[in-house]
Amino acid sequence: MITSRGDTPVVDVDGLVKRFGTFTAVDGLDLRVQPGSVHGFLGPNGAGKSTTIRVLLGLYRATAGRVSVLGLDPARHADQVTRRLSYVPGEVTLWPNLTGQEVLDALAGLRGCRDEAAERELAGAFALDTRRKVRTYSKGNRQKVVLVAALAAPTELLVLDEPTSGLDPLMEELFQRCVRDAAAAGRTVLLSSHILAEVEDVCDTVTIIKDGRLVESGRLADMRHLAASTVTARPAGHQLAAVTDRLLRLGVAPERTDGLLRVSVPRTAVPAVLGALAEAGADDITCTPARLEDLFLRHYEVAAR
Amino acid sequence: MTLTRLLVRRHRLTLTCWLLLLTGLSGGTVTAYQNTYATEQQREAAAALARDNAATTMMYGRLPVPGTPAQMYVWEIGAFTTVLAAVMAVLVAVSLTRAAEDDGTLELLRGCGIAPARPLRSALWVLAGCAVVLGAGCTVAAGVHTGSVDGVTGAGAAAYGTAVALTFLLFAALTVLLSQIAPAAGQARLLGFTVVGLSFAVRAFADTQQIGWLTWFSPLGLRATVEPFTSDRWTAALLPVAAAALTATAAVLLSQRREFGAGLLPRRDRRTARLRLGSTVALTARLNRASLLTWTVAVAAIGTVFAAMGSGAVDRERDGEVGGFLGAQLNGADPAAAFLSYCGTVVGIIVCVYAVLSVSQSRHAERRGLTDMVLATGVRRWVPLAAQSAVTAAGCAVVLLVTGVLSALVAPAVIAGDDVAVRAFGYIAGQWGAVVAMTGCTALIAGTAPRWTALAWLPLTAAAGLALLGDLLGVPQRVQDLGIFPHVPDLALADASPAGLLLLVGIGAALCLTGLWGMARRDLIIG
C-alpha cells in the first residue's frame, strides 16, 4: 500500500466480512484510501462493491473486520460520518413529486450546510433543469441531481457508486473534471465502477475486487508496469526465420500470421525487441503499451475460475 | 377490430369484475325489499318516513308514490348502482385512453402502423359495448323477479337497466372528453371523479330542494327522469344518448388537436418552488401533504354523511325496529349516543387504515433506497421512521379533528337526542388513541422486521372485526375490550374517564420506541 502523504487513511478497512444469512457478500476485504486521493474501486457486477460502500456509510453493519471512515466507526457514528461525506448511489431513486431544486433543498437542509453558489454552477454545467419534477427526469437526469448535491456539498469525502452509468459521454467528461477539481481542492474520492476506462483517467490508486475478495490493490502506474506491451512488425520474407529466432533468444514467443509478427513483450524487454526488429529492417513496426483493460479483464477471468 | 379486441383482452379482468359486481348487486337485493316489511301498512309507513327524511332524500333521491318494493329497490339500490357505474366509467375510460398513453403501451401500438384516430375510436367502441352489456345484465338481474316481487315488470326492469347503462355511458363519454384536456391520466381521473361528485351534489340539491327540472341536468338524476317501475319514461332516455354521442364526438375532435401523451392543458411539471426545511420531520410532512389532504377531505365527507344518515336508524331504533347488523351496533341505552359511537368506530377504522398505509411508507422508502439518501446526509438511523410515525400520528389527529368538527356541526341538525354535537365530536376525535396504537404497532414491525410490515394489517383487521361484529357474534365483553376501538370516553358524561385512551396512546408510544430501537440496530434492507 502506498502512503503518499503519511496521513491516516480517510477510509481504512481491515478484513471486512459481510454475510447475509449464508451468503458472503464481502470476504476479508482490505481497503485503504489516502486523503486527497482519487481511489478507484473496481470489480464486475455483484462483486460486493455496493455492499462495501453501504458498510462504509453505516447502512450495513460489518459481520467481522475493522472499518474506519474519517477516523470514526460508521457502525456507531453513522450520522457523524455521513454528515462529512457525500454519497451518490448506483441506483438513484428520488421523490417523484418534488422538483430537482426541491430535492437539492431537502438534501442540503437535512445536512445542515450547503454551498448554493456551487450548486447553481454545477446544475448549469450539467445542463440540469432543476425546475422540473423528478418524475419527468430520465435516469441520467436523476443521477445529475444527486451528483450536483454531492459535489456541491461542503464535505471531505465523496463516495460515488457507479455515478456515470446514465450520463452521456460529454457529461462523463465533465464529471471527470469535477472529480479532479474535488481532489485538487483536497477532497478524497472513492469511485466505484465496473468499467475500467471510467476510472483509468482520474484515479491514482485502485482496488480490484471479485466475489467479495481483494484481487489487487495499488497504484495504476505500478500495475501498468507489470503488464506486457504488444509489438507487431512485418519483416522482409527472407528474414522472417532469422528474426523469429532472434526474438526467441530474447525470451519472447512471436506468433506469425501472413508474414506479420505479433509478440507480447514484458515492459523491460521492449527496447531490445524493437532494436532487433529495426536492425532487421522490418516494416510497419508498432508497439502498443499495456492496456489496463487487458490486465483488468485478466483479473476478472482469473478470479472467475 | 383487432385493436378493439386487444383492448377487451387487456382489460377483461377489470371489466368482468365491474360487470359482475353491478349485475350481482342489482340481482341479489330485489327480494330483500319484498321480505323486509310484513304488511302493506308497515311498508307504507316506512315509505312515508323515508319521504320526509332529509338525509335519505339527499343520499338516494325522492321515493316515488306509493313506494312498492320495486320502487324502493330502484330508489335505494339504484342509488348505489348508478354511483358505482359512474365510478367504473371514470376508471375504465381513463385506463382505456390516457393511461395507455402514459404507460407507453399505446406508443408501441402506434409504432405498428395504427392510424392516429383508431385507438380512441376503439376505446369508444369498448365503452359502448360495456354500456350495452351492463344495461342488459341489470335488466335481466332485476327482470327475473317479475311476479315474485311486487311492482317489478319487464318494462320497468328494462328502464332500470337502461338508466344504469346510460349513466355509465354518459360518464364514460365525459371522462374521455376530459382525458383529452387533462395533462395526464391521474388528473383525468381526478377530473372525472370531480364531475361524479358534482353530479351527485346537483342531484342531491335538486331532490332535497324539490327542484324537479334541475334533476335533468345531473347524469346521476336518470332514475328520477326515467322513473323505472313508476312511469318507465323512455323518452327521457333520448336526451342522455344524444348528450353522450355529442360528448364523444367532441372528444374525437379534440383528440386531433393535441400531442400524443399530452392533454390540451399543459402539464405543470415545472415549478420554481423552494423547500426551506432543516429536519426529517419537515421533509416527511412535505412528502405526505398531498395524501393527507385527500384523506382529510374524503374521511370528513364520508364520516359526516354517515353521521347524517343515522337519523332514520336512530328513529327506528327508538321504535325498536332495527335488527341484524345495525341493531346489534345500536344496542344501547341511548340510541343516538350508540349510533354516534358506531360512527366514531367506523371513522376510527378508516383512519387506522390511513395510519398503517402511512407508516408503511417508511418501509417503501427504505426498499427503494430513499432512506439511504436521507441517512447519507448525516441523519440518525432511527430518525426517518420516527418522523414518519410522528407525522402519521399528527396527520391522523388532523383528519379526526376535521371530521369530528364537521360531524358535530351536521349531526345535531338531523339526529334528535342529548348532547349530539358533543358526542359526535368526542366519539370521532377520541379514536386518536386507537390510531396511535395502530401507528406504534406498524412502526414496531417496520423497525424490527421490515419484511413483515404487511402483518400490521392483522391486528387492525382483528380489532375492526371485534368492534363491528363482536355483539352480533356474541363475543364476550372482556374479549371485545381487548380491541383498540371501544375505549373512547363519552364526553357527555360527567365522570368520563380518559384512562383507556391514554393507555392506548402509551402503548402506541412504547411500541413505536421499540420499533425505533430495532431500526437503530439493524441493516437497512433494500429491494
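See above for the structure.
Keep in mind the model is a prediction, meaning the values are calculated, not measured.

Asker: Report on the overall build of chain A, specifying residues and quantitative values.
Answerer: The helix and strand tally for chain A stands at 11 helices and 13 strands. Dimensions of chain A, computed from C-alpha atoms along their principal axes, come out at roughly 75 × 45 × 35 Å. The proportion of buried residues among the 305 residues of chain A is 43%. Counted over contacts in chain A with a minimum sequence separation of 6, partners at least 24 positions apart contribute 70%.

Asker: With reference to specific residues and values, describe the overall build of chain B.
Answerer: Helices and strands together make up the secondary structure of chain B, namely 24 helices and zero strands. In chain B, the share of contacts with a sequence separation of at least 24, taken over all contacts with a separation of at least 6, comes to 76%.

Asker: Can you explain the nonpolar core? Please cite residues and give values.
Answerer: By size, the foremost hydrophobic cluster in this structure holds 146 residues, and its most contacted members are Val148, Ala149 and Val159 of chain A together with Leu340, Val351 and Met438 of chain B. In terms of residues, this core owes the most to one element, helix α17 (residues 335–368) of chain B, which gives 17 residues. Beyond its immediate stretch of four places on either side in the chain, Val159 of chain A contacts Ile53, Leu56, Leu57, Leu85, Tyr87 and Leu190 of chain A.

Asker: Could you give an account of the sheet that holds strand β13 (residues 283–288) of chain A, with specific residues and numbers?
Answerer: Residues and elements named next belong to chain A. Read from one edge of the open sheet, four strands run β11-β12-β10-β13, paired in antiparallel fashion. Two strands bound the open sheet, and with one partner strand each, they are β11 (255–257) and β13. Sheet twist, expressed as the average angle between the axes of neighbouring strands with direction ignored, equals 20 degrees. Looking at chain direction, β11 and strand β12 (residues 260–266) are connected through three bridges and run antiparallel. Within β12, the residue paired with Glu255 across the bridge is Arg262. Each of β10 (228–234), β12 and β13 touches helix α10 (residues 270–279); the most contacted strand, β13, lies at about 175 degrees to it.

Asker: Describe in detail helix α20 (residues 420–429) of chain B, supporting the description with residues and values.
Answerer: Side chains that are three or four residues apart share a direction in an α-helix, a result of its 3.6 residues per turn. The buried fraction of α20 of chain B is high, at eight of 10 residues. Within the span of α20 of chain B, buried status applies to Val420, Arg423, Ala424, Phe425, Gly426, Tyr427, Ile428 and Ala429 of chain B.

Asker: Residue-level account of the sheet that holds strand β7 (residues 188–193) of chain A, with values.
Answerer: Residue and element names in this part refer to chain A. On the basis of which strands lie adjacent, the open sheet formed by six strands has the order β5-β6-β7-β3-β8-β9 and mixed pairing. Strands with a single pairing partner mark the edges of an open sheet, and in this sheet they are β5 (85–88) and β9 (213–219). For this sheet, the mean angle separating the axes of adjacent strands, direction not counted, is 15 degrees. In this structure, strand β3 (residues 38–42) lies alongside β7, joined through five bridges in parallel fashion. Its bridge partner being in β7, Val38 is matched across the sheet by Val189. Across the face of the sheet, helix α6 (residues 169–184) comes into contact with β3, β6 (157–161) and β7 while running at roughly 150 degrees to β7.

Asker: Account for the environment of Val353 of chain B, with residues named and values stated.
Answerer: Residues and elements named next belong to chain B. Mapping Val353 onto the fold places it in helix α17. Residue class for Val353 comes out partly exposed when judged on the 16 C-beta atoms lying within 10 Å of it. Separated by 103 residues in sequence, Val353 and Ala456 place their C-alpha atoms 9.9 Å apart.

Asker: Tell me what's going on with the environment of Val379 of chain B, and back it up with residues and numbers.
Answerer: Tracing the backbone shows Val379 of chain B in the loop between α18 (370–375) and α19 (383–414). Residue Val379 of chain B is classed as buried on the basis of its 23 C-beta neighbours within 10 Å. Residues Val379 of chain B and Ser279 of chain B, 100 residues apart in the sequence, show an inter-C-alpha distance of 8.8 Å. Excluding its chain neighbours within four sequence positions, the residues that come into contact with Val379 of chain B are Asp79 and Leu110 of chain A together with Thr280, Val374 and Pro384 of chain B.

Asker: Describe the packing of helix α21 (residues 432–448) of chain B against helix α24 (residues 499–521) of chain B, with residues and values.
Answerer: Two packed helices can be described by the angle between their axes and the distance between those axes. Residues and elements named next belong to chain B. One way to put it is that α21 packs onto α24 with a least axis distance of 7 Å and a crossing angle of 15 degrees. As summarised for this structure, α21 and α24 are arranged roughly parallel, according to the angle between their axes. Between α21 and α24 the crossing geometry is left-handed. When grouped by side-chain class, the residues that make up the contact of α21 with α24 number 17 nonpolar, 10 polar and no charged.

Asker: Residues and numbers for the interface of chain B and chain A, please.
Answerer: Residue-level contacts link 29 residues of chain B with 28 residues of chain A. Ranked by residues supplied to the side of chain B that touches chain A, first place goes to α18 of chain B with five residues. In the side of chain B that touches chain A, the residues fall into 13 nonpolar, six polar and 10 charged.

Asker: Tell me about unusual backbone geometry, and please be specific about residues and values.
Answerer: Look at the link from Val65 of chain B to Pro66 of chain B: it is a cis peptide, with omega at 5 degrees. Secondary-structure assignment places Pro66 of chain B in the loop between α5 (54–60) and α6 (69–96). Located in the positive-phi region is Leu70 of chain A, a residue other than glycine, with phi close to 55 degrees. Along the chain, the position of Leu70 of chain A falls in the loop between β4 (64–69) and α2 (78–83). What makes Leu70 of chain A buried here is the crowd of 23 C-beta atoms within 10 Å. In this structure, Glu162 of chain A is a non-glycine residue whose phi angle is positive, near 45 degrees. With respect to the helices and strands, Glu162 of chain A occurs in the loop between β6 and α6. For Glu162 of chain A, a count of 22 C-beta atoms within 10 Å corresponds to the buried category.

Reading the values: the criteria
- Counting restarts for each chain: residues are numbered from 1 in the order of the written sequence.
- Here every chain gets a letter starting at A, and every ligand a number starting at 1, in the order they are written.
- Two thresholds apply to this predicted model, a pLDDT of at least 70 for residue-level local features and 80 or more for giving and counting side-chain atom pairs, whereas whole-chain, interface and lining totals are computed over all residues.
- Every helix listed is a DSSP run of H or I at least four residues long, and every strand listed is a run of E at least two residues long, numbered separately from the N terminus.
- Buried means a residue has 20 or more other C-beta atoms within 10 Å of its own C-beta, exposed means 12 or fewer, and partly exposed covers the counts in between; C-beta atoms are placed from the backbone.
- Note that contacts rest on C-beta atoms placed from the backbone: two residues are in contact if these are within 7 Å.
- Only buried residues count toward a nonpolar core: Ala, Val, Leu, Ile, Met, Phe, Trp, Tyr and Cys, linked into one set through C-beta atoms within 7 Å.
- When DSSP finds two or more bridges between two strands, those strands count as paired.
- The axes are straight lines fitted to the C-alpha atoms, using for helices just the contacting stretch, and the angles between their N-to-C directions are given from 0 to 180°.
- Here roughly perpendicular refers to angles of 65 to 115 degrees, roughly parallel to angles under 35, roughly antiparallel to angles over 145, and oblique to all remaining angles.
- Crossings are classed by handedness, with left-handed meaning an anticlockwise turn of the near helix from the far one by less than a right angle and right-handed meaning a clockwise turn.
- All residues other than Ala, Val, Leu, Ile, Met, Phe, Trp, Tyr, Cys, Pro, Asp, Glu, Lys and Arg, Gly among them, are scored as polar; the first ten of these are nonpolar and the last four charged.

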